[in-house]
Amino acid sequence: MEEKPQGQQAVSEGRGVSRRTFMKYVGVGAVVAAGVGVGAYAYLNRPSGVSAAPLQWWGIGTGNPERWDGLNDAGGDVVFTEAPWDPVPVLNKMKADGRNAYDVISNAGTLDDPLFADGSIVDFDPETLPSWSKIYPELRTNNPTITVASTGQIVGVPIVQNGDSVAMLVDELWPGTGQPGQGSDTYGLLFDSLTTGKSSMEQSWACAIYKVANYLGRNHLQTIEDPASLTTNDLNTIKTFMLNQKAAGQFKVFWEGWNTAVSLLANKEVLAMDTWEPVVFALRTQNPPINAVYMAPKEGYYLWNIPIYMTPKGQSQTKDRCMHLSQWTLEGWYGARITTIRGYLTATPDAIQYAQDNPNAGGGPYDTAFIQSRHTLVKGLPRHMDPGDELATAGG
Amino acid sequence: MASRRPSGPFDQLAEYFADHPRALLSLQIVPPLVFVFFFVFVPLASIFAWSFWTVENNRLVPGFSTSAYEEFLGIGGLPTWRLDIFLKTLRIAVTQTAIALVLGFAIAYFVGIKMRGSKYALPLLLLFAVPFLTSYLLRTLSWYIVLQSRGLINTVLQSIGATNGPLPGLLFSEFSVHVGLLSTYLPFMIFPIWLAMSRIDQTVLAASADLGGRPRDTLFRVVVPLALPGILIGSIFVFVGVLGDSVVPEILGGATDSSRTLIANLIDKAISGQQYPMAAAIASIILLMAIGLIWGWERAFGLKKIGEI
């Protein structure tokens, strides 16, 4: 038999396959696999508007109404995913994939500048919302949480606001009295011998530092010129104070997360905690109810608000629905619902009228007097005050 | 007999590799080497490199700065709190390894030697694997429920009149951290020791007894030396595991004795604060220490023994 050239040595004989044929099969296989892959990628990344996928809302849990009454008529479904109250992970998540995963986000307003600079949120003209003019003036104008400092653009819609202070277990701290006693009107309770080893502060420094700043500054224990605008020296002063307190065994634990906060107080692991007011609401609805009081600190509050922002994904794929959702947060049902279940104040007064007209609407009942009182109270919380003024009469 | 002519591609491939054994060896070794290089070596080397970079405008910038190491070690009058946490973590890891060794050895000895041949030995051993069927987070949180002021232990103690109130330091303390770590890492000690003990020939134990060895002599002069590979590998598992654990201290640790912050939590916090070079520096130091540890064990005992179990 004639000897085949070296290059054709392995040419098919019977069921044999030459290298060339093998490579041909591999090539065809690769093309088919690539085609399937591209098709699958295109299918999985198709515009959400085509499939009417739920709006993805990533936010602080206390802004979650847990129901969506009235929104579904035009806004479609919403999936609310709880975000951490920790600035850097939020920035990192948004930079990494959050901008393409969520339509809207709501986080503490201090993040609007870096989020906007990163391209994680966009200017979606929130001033065009029908209820924009109803937003309380202090939230609507010169509000740094919705205004980009460098450009002056408005990039968010304020949805909830409050002033944070301290939750106290009255029956354990002042047994037999049923009422908050000595020391119950100052952040100093967190650092008092009454609560040594039974005090707790939030692990996220961003909330805790302002309370400590108010305490040290307003009581002239340390030099802190403006607790609302802390300098590096102020932060070092606060840090040193906190480290000394920690070393002295003042704190039992640093809490993180809504459930942990409620659990620590409900189980009497700690007796005083710098925390969010909804925690006190949750304690009062325990069985049996816990005599918990939210402090009205004489040093004043650090008022905050949480805005809703739109992501690039929201702007490009679901803008109308995001606008509808934003508008819905400014209307009566959302306001009545949030104030009822969280105690938080929403951005417009519509909730008061809504509760009056619809006391038994979905997610209720809604107590008009209570909602009215919360609006009066929270709006009345002083911002930059000296000790000894009307602060003592404010609070929850 | 005349050799059969290759009839298919696999036959031809086999023939080719029979003629080129080095090509076959390369085909076997290169893929895993490439995998290890890209998925193990490159990430670790990257971490080491990042420890010398800097952060500008929230982003890592290539460069060469030893400031992360200087801050960590407290060089030049800088505070040493990070180093203190590292040393504290080492202390807790050593203590945890010792506790796990004492308990793990006893359990493995009981199951592997005393219950040898019993039909209950394996089910009993598997009981220690049951916790692994649940979420690590839930497993740790369950200790929260047991140890808290109104938890199981305090409730029982108070109901039988043993205590008047909640025991202090049961939760949010170094004690609760050790309890949580023990429940997590004890099986990592038990199973290697049990495996090593299960390889001890029964006749060796019988010979020890026949030669007049008391049970204690058999334990310390026969069982322990033969179980040493299992003890070593179990200790490595527990020690390294504790060094890298951030969940248990986060949930069960307290503020009073700072048990809430171990070295892995420090890495988490550094990342949260965008101190990426610091996080990388700490990780590199732990990595170098772990390599040094394994090297030391190799010099002292020889890692080949691990293969024997």
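Refer to the structure above for everything that follows.
Here the structure is a predicted model, which means the values were calculated and not measured. (Residues numbered from 1 in each chain as written. Chains lettered and ligands numbered in written order. Predicted model: local features only at pLDDT ≥ 70, side-chain atom pairs only at ≥ 80, totals over all residues. Heavy atoms only, no water.)

Undergrad: Give a detailed account of the packing of aromatic side chains, specifying residues and quantitative values.
TA: Tallied over the full model, the rule gives 28 aromatic pairs over all chains. A ring pair is formed by Tyr215 of chain A and Phe241 of chain A, whose centres lie 6.1 Å apart and whose planes are at 50 degrees; its orientation type is tilted. Within this pair, whereas Tyr215 of chain A is found in helix H8 (residues 205-218), its partner Phe241 of chain A is found in helix H9 (residues 232-247), the two being separated by 26 residues in sequence. Classification of Tyr215 of chain A as buried rests on a relative accessible area of 14%. Residue Phe241 of chain A is classed as buried on the basis of its relative accessible area, which comes to 16%. Between Phe48 of chain B and Phe52 of chain B the ring centres are 5.4 Å apart and the planes differ by 85 degrees, which places this aromatic pair in the edge-to-face class. Assessed through its relative accessible area of 39%, Phe48 of chain B is described here as partly exposed. Linked through ring pairs, Trp57, Trp68, Phe80, Trp328, Trp333 and Tyr334 of chain A together constitute an aromatic cluster. When the ring centre of Phe281 of chain A is taken as origin, the NZ or CZ atom of Arg284 of chain A, which lies over that ring, is 5.9 Å away. Positioned above the aromatic ring of Phe132 of chain B is the side chain of Arg139 of chain B, whose terminal nitrogen or guanidinium carbon lies 5.1 Å from the ring centre. (Phe/Tyr/Trp six-rings, centres within 6.5 Å; stacked < 30°, edge-to-face > 60°. Helix = DSSP H or I, 4+ residues; strand = E, 2+ residues; numbered from the N terminus. Buried < 20%, exposed > 50% of the residue type's maximum accessible area, 1.4 Å probe, protein only. Lys NZ or Arg CZ within 6 Å of the ring centre and 35° of its normal.)

Undergrad: Quick rundown of the layout of surface pockets? Include the residues and the values.
TA: There is about 1,900 Å³ of room inside the largest pocket. Gln203, Trp205 and Lys239 of chain A together with Trp81 and Lys269 of chain B are the residues nearest the centre of the largest pocket, which is lined by 42 residues in total. Mapped by element, the contributors of at least two residues to the lining of the largest pocket are strand S5 (199-202), H8, H9 and strand S6 (251-255) of chain A together with helix H4 (81-114) and helix H12 (263-272) of chain B. The residue inventory of the lining of the largest pocket, partitioned by class, reads 19 nonpolar, 11 polar and 12 charged. (1 Å grid on protein atoms, 1.4 Å probe; cavity = no way out; pocket = protein on both sides within 12 Å on 5 of 7 lines; lining within 4 Å. Points joined across faces, edges and corners; volume = space filled by probe spheres on them. Nonpolar A, V, L, I, M, F, W, Y, C, P; charged D, E, K, R; others polar.)

Undergrad: Describe the pairing of strand S9 (residues 302-310) of chain A, with residues and values.
TA: Residue and element names in this part refer to chain A. Extensive coverage of S9 is indicated by the burial of 8 of its 9 residues. Sheet analysis places strand S3 (residues 104-106) next to S9, joined by 3 bridges and oriented antiparallel. The partner of Val104 across the bridge, within S9, is Met310. (Pairing = 2+ DSSP bridges.)

Undergrad: Describe the side chain of Thr163 of chain B, with residues and values.
TA: Relative to the assigned elements, Thr163 of chain B resides in the loop between helix H7 (152-159) and helix H8 (174-198). Apart from the residues lying within four places of it in its own chain, the contact partners of Thr163 of chain B are Leu157 and Gln158 of chain B. (Contact = heavy atoms within 4.5 Å.)

Undergrad: Which residues make up the pairing of strand S4 (residues 156-169) of chain A, and what values go with them?
TA: Here is the key point about a regular strand: its side chains alternate between the two faces of the sheet. Residues and elements named next belong to chain A. Most of S4 sits inside the fold, with 14 of its 14 residues counted as buried. The sheet contact formed by S4 and strand S10 (residues 345-346) spans 2 bridges and is antiparallel. The partner of Gln161 across the bridge, within S10, is Leu345. Of the pairings in the sheet, the one linking S4 to strand S7 (residues 272-275) comprises 4 bridges and is antiparallel in character. Among the inter-strand pairings, Ala167 is bridged to a residue of S7, identified as Met273.

What is shown is where atoms sit, not what they do.
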